[in-house]
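Observations on chain architecture
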Amino acid sequence: MKIVISVIGKDCVGILAGVSNKCAEYGINIIDVSQSVLQDMFCMIMICDISAMNVNFSEFADIMSVYGQEKGLSIHAMHEDIFNSMHKI
Amino acid sequence: MIETKDILETITMIQEENLDIRTVTMGISLLDCIDSDIDKACQKVYDKITTKAERLVSECEDIEKKYGIPIINKRISVTPIALLLGACEKKEPVKFALTLEKAAQKVGVNFIGGYSALVQKGFTEADKILIESIPEALAVTDHICSSVNIGSTKAGINMDAVKMMGQVVKESAELTKDRNCIGAAKLVVFCNAPEDNPFMAGAFHGVGEADCVINVGVSGPGVVRAALAKSKGLDITGVAELIKRTAFKITRMGQLVAKEASSRLNVPFGIVDLSLAPTPAVGDSVAYILEEIGLECCGCAGTTAALAMLNDAVKKGGVMASSKVGGLSGAFIPVTEDAGMIHAAECGSLTIEKLEAMTAVCSVGLDMINIPGDTTPEVISAIIADEAAIGMINTKTTAVRVIPAIGKKEGDSLSFGGLLGEGPVMRVNKGSPAVFINRGGQIPAPIQSLKN
C-alpha cells in the first residue's frame, strides 16, 4: 500500500532529514521524492510504501500533522488512492 | 505514477477550497421492526439502528484520516415512520421520534431522517396522525429531520396535504420560537421525493431500497469557483466544460469514500449524490460561482440561465465519475447556508420569486428561506403548491423548507448556527390564496404522467 506525504512550508535546514527520520522510525519505506523551492517556499512530495509500517495509518497521519505544526510546516499523509481516483479515469 | 501537480491540486482543493464529503448517510430499513405494540416496535427500531450504525461514525473518521478528506456529516435515514405507525394499535408517533433521537445520540450521528409520510395520492390514518405530530416531534428532539411528500408527476398534488403542511410548518416554527424557530429548518415538503437522498432534512429510506445501504453526498462549490477564477476569458462552452471536469474530480472522491465505507461496514453501496452543496463558509458558495461566471450579484437577470448550465454540467461531469448515481443530484441553492445567497438576499438582488424560477432548473427547491413570522399558513401552503407544481410538471424533485421567523419581520435576521447558517427574513407576497388552499382535493396527475 502506498501513501503520499506532502510537505509545504518555509524553507529551512533539515526538513527532508526530519521527515525521513519520522518515516524510518515508523517502518515506512520512501520510494520516491520530488522537491522544489519556489522563492523561499519549500514543497516536497514523497511516495512511500507502508506495508511494513509499525503503527496504524491514522495514527501516523496525526503524528505527521503534529510534527508539521511544531516545525511550522503543513504536512499531510494521505493514501494514494485519493489521487488515483481523482486524476485517472 | 501520480504527478506532483495533481497531488498539489488535490491538497489545495481540500485545504483552501473547502472540498469535503458533505455526508455519509446510512439508509436503514425499519420494515422488519413493525409491531402492533408500539413499545415493542420502538425497542426493535432502537436495536436495529444501534446495531447497524454502531461503527458508522468511527469508520468514517478512520476514512477521513486515510484519505485526508473531511467527512462533515454522518447521518442515518430510515423507512418513513408513518409506515411503522400504521401497524400500531396505539397511534403515538412521538414515541418513535424519541426512540430515533435516543438511537441517534447513542451512535453519535449528526442527524437522523425519516420522520416522514408519503401522501402524494392520499392519506392513511397513520399518515395524518404522523403529520399532525411533526411540530411536537421536532420540538422535543434535536437530531430528527422530517419530510412529507405531497405530490408527484405520477399522482398529482394532494392539496389536502398541502393545506395541512402550511399549518405544520408554521406550528413547527412556533413551538421552537425560543430556539430560532429551528423546528421548521428540520422539515421539508417534497414533490417527487427521491428514496435514496442522503441530504437532510429530506432523507428517508424508501421502501424499494435494500435493508441497509450507504449513500454519499459530495460538496465542492469552492473548488468549482476557484477553477473558474483561474481560467479567465473562457466562453460559456468552455465554462461548462471546466465545471464538468471539476465535478468529475469531486464526484470521484465521493465514489471512493462510498466504496470504502461500504466495504468497511459490510453494507452495500447505494448511490453518490452529484451535488454542489454550499456551506456558510466564505468561498464555499453556489452564488459565488454564478457571480464568477459573470453576474454582478446572484438574483439579477441571467441567474436562471447560468444556474441551468451549472446544474447540467455538474451532472454530466459527475455521472461518469460514479457507478451509481441518485438522490437529489445537482446544485443546491439554500439561502441561509450560502454566504453569497445571504448577501444577495440582504442587498435585495435575490427574491423568493427569482428563487422559485431558479428551482425549475436546479437540484431541489425553495430551501432554507426565512419568511416573516406573521405569514399565514395559507400563504405557506400556496408557496408549497407553487413549488410542487414546478416539480410535477417538469418531472423533477422540488421541495420547500421555509422558516417562519416568529416575532420577526422582513429585513430582520434569523441565525441557526453551524451548517444551517443565518439569513435575512425575506419578503413574501401577502395576497391571500386562502380560498384556493381551502378548496382541498387533488390536482390531477398531469399529462406527463401518461408515459406507458
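Bear in mind that the values here come from a model prediction, so they are computed numbers and not experimental data.

A separate point is the overall build of chain B. Within chain B, the regular secondary structure consists of 16 helices and 14 strands. With the C-alpha coordinates of chain B rotated into their principal frame, the extents come out at 65 × 50 × 50 Å. Residue burial in chain B is summarised as follows: out of 452 residues, 63% are buried. Counting only contacts in chain B whose residues sit at least 6 apart along the sequence, the fraction spanning at least 24 positions is 79%. Put simply, chain B shows about 16,200 Å² of open surface, and 51% of that area lies on carbon and sulfur atoms. Taken as two groups, the 45 positive and 54 negative side-chain charges of chain B have centres that lie 3 Å from each other.

All names here are of chain B. Looking at chain B, the domain boundaries give domain 1 (25-191) and domain 2 (213-437). Centre-to-centre, using C-alpha coordinates, domain 1 lies 22 Å away from domain 2. Taken together, the 40 residues of domain 1 in the interface contact 45 residues of domain 2. The largest contributions to the domain 1 side of the interface with domain 2 come from K170, A185 and C191, which together make up 15% of the buried area. On inspection of domain 1 and its partner domain 2, the count reaches three salt bridges. Salt-bridge contacts for E260 lead to K66; the nearest nitrogen and oxygen are separated by 3.2 Å.

Turning our eyes to something else, we now look at the interface of chain B and chain A. Across the contact, 25 residues belong to chain B and 26 residues belong to chain A. In this assembly, chain B packs against chain A so that about 2,300 Å² is buried in total across both faces, 72% of it on carbon and sulfur atoms. Of all residues in chain B, B:I2, B:K65 and B:K66 give up the largest surface area on contact with chain A, accounting jointly for 25% of the area buried on that side. Here B:K65 and A:D62 are joined by a salt bridge, their closest N and O atoms 3.2 Å apart. Mapped onto the side of chain B that touches chain A, the elements with two or more residues apiece are α1 (4-15), α3 (56-67) and α10 (236-265) of chain B. At 10 residues, α1(B) tops the list of elements feeding residues into the side of chain B that touches chain A.

Okay, the nonpolar core next. Grouped together as the largest cluster of nonpolar side chains are 135 residues, with contacts concentrated most on B:V24, B:I49, B:L56, B:I76, B:F96, B:I150 and B:L310. With 11 residues, α10(B) is the single largest residue contributor to this core. Looking at which domains feed residues into this core, each of domain 1 (25-191) and domain 2 (213-437) of chain B supplies at least three. When sequence neighbours within four positions are dropped, the list of residues in contact with B:I49 reads B:I28, B:L30, B:E54, B:I76, B:V78, B:L100, B:A103, B:V107 and B:I112. A:C23, A:F42, A:M46 and A:L73 belong to the second-largest nonpolar core, a separate cluster that totals 21 residues.

A separate point is the pattern of salt bridges. Residue and element names in this part refer to chain B. Across all of its chains, the model carries 28 salt bridges over all chains by this definition. Where D211 meets K52, a salt bridge forms, and the shortest distance between an N and an O atom there is 3.5 Å. Taken together, the positions of D211 in the loop between β6 (187-191) and β7 (212-218) and K52 in helix α2 (residues 38-52) put the pair 159 residues apart, joining distant regions of the chain. Take K52: its relative accessible area is 34%, and that puts it in the partly exposed class.

Residue and element names in this part refer to chain B. Two elements in contact, helix α12 (residues 303-321) and helix α14 (residues 352-359), have axes whose closest approach is 9 Å; the angle formed by their N-to-C orientations is 30°. In terms of orientation, α12 lies roughly parallel with respect to α14. α14 is crossed by α12, and the crossing has right-handed handedness. Side by side, α12 and α14 meet where T303, T304 and L307 of the first sit next to K354, A357 and M358 of the second. The residue inventory of the contact of α12 with α14, partitioned by class, reads three nonpolar, two polar and one charged.

Moving on to the packing of aromatic side chains. Any aromatic ring pair is given by two values, namely how distant the centres are and how the planes are angled relative to each other. Evaluation of the coordinates by the stated rule reveals two aromatic pairs over all chains. Ring centres of A:Y26 and A:F60 lie 5.9 Å apart, and the angle between their planes is 70°; this geometry places the pair in the edge-to-face category. Placement of A:Y26 in the loop between α1 (15-25) and β2 (29-38) and of A:F60 in helix α2 (residues 57-71) is noted, with a sequence separation of 34 residues between them. Taking the relative accessible area as the measure of exposure, A:Y26 reaches 13% and is therefore buried. Between the aromatic rings of B:F199 and B:F332, the centroid separation amounts to 4.7 Å while the plane-to-plane angle is 80°, which identifies the pairing as edge-to-face. Of this pair, B:F199 sits in the loop between β6 and β7 while B:F332 sits in the loop between β9 (325-331) and α13 (339-346), and the two are 133 residues apart along the sequence. Residue placement shows B:K102 over the ring face of B:Y46; its charged tip is 4.7 Å from the ring centre.

Residue and element names in this part refer to chain B. The end-to-end C-alpha distance of helix α6 (residues 125-139) is 23 Å, a good match for the 21 Å that 15 residues give at a rise of 1.5 Å each. Maximal helix bending in α6 amounts to about 45°, located at S133; proline P135 follows within four positions. Taken together, the buried positions of α6 are occupied by A126, D127, L130, I131, S133, I134, P135, A137, L138 and A139.

Conventions adopted
- Numbers given for residues are sequential positions, taken from 1 along each chain in its written order.
- Here every chain gets a letter starting at A, and every ligand a number starting at 1, in the order they are written.
- Whole-chain, interface and lining totals are the exception, using all residues; otherwise, since this is a predicted model, local features are given only for residues with pLDDT of at least 70 and side-chain atom pairs are given and counted only at 80 or more.
- In computing side-chain properties, one takes all heavy atoms of the structure into account and sets aside hydrogens as well as water.
- Secondary structure elements are taken from DSSP: a helix is a run of H or I of four residues or more, a strand is a run of E of two residues or more, and numbering for both begins at the N terminus.
- Under the scheme applied here, a residue whose accessible area is under 20% of the maximum for its type counts as buried, over 50% as exposed, and between as partly exposed, the area being computed with a 1.4 Å probe on protein chains only.
- Between two residues, a contact is recorded if the distance between any of their heavy atoms is within 4.5 Å.
- Computed by Shrake-Rupley with a 1.4 Å probe, the accessible areas treat only the displayed protein chains as cover when residues are assessed.
- We treat Lys and Arg as the positive residues and Asp and Glu as the negative residues; His and chain ends play no part in the count.
- By convention, charge coordinates are those of NZ in Lys, CZ in Arg, CG in Asp, or CD in Glu.
- In this entry, domain limits derive from an automatic or database-based domain assignment.
- Accessible area, probed at 1.4 Å, shrinks when two parts are joined; the buried area is that loss added up over both.
- We define a salt bridge as a side-chain nitrogen of Lys or Arg found within 4 Å of a carboxyl oxygen belonging to Asp or Glu.
- As used here, the term nonpolar core means buried Ala, Val, Leu, Ile, Met, Phe, Trp, Tyr and Cys residues forming a set that is joined through side-chain atoms within 4.5 Å.
- Fitted lines through C-alpha atoms serve as axes, helices being fitted only where they are in contact, and the angles separating the N-to-C directions of these axes extend from 0 to 180 degrees.
- To sort the angles, those under 35 degrees are grouped as roughly parallel, those over 145 as roughly antiparallel, those from 65 to 115 as roughly perpendicular, and the leftovers as oblique.
- Throughout, a crossing is termed right-handed when the near helix is turned clockwise from the far one, and left-handed when it is turned anticlockwise from it by less than a right angle.
- All amino acids are sorted into three groups, where Ala, Val, Leu, Ile, Met, Phe, Trp, Tyr, Cys and Pro are nonpolar, Asp, Glu, Lys and Arg are charged, and the leftover types, Gly among them, are polar.
- Geometry of aromatic contacts follows a simple scheme: Phe, Tyr and Trp rings, the Trp one being its six-membered ring, pair when their centres are within 6.5 Å, and the pair is stacked under 30 degrees between planes, edge-to-face over 60, tilted otherwise.
- For a Lys NZ or an Arg CZ to count as sitting over a ring, it must be within 6 Å of the ring centre and within 35 degrees of the ring normal.
- Here, expected helix span is obtained from the residue count minus one, scaled by 1.5 Å.
- The angle between axes fitted to the seven-residue stretch ending at a residue and the seven-residue stretch beginning at it gives the bend at that residue.

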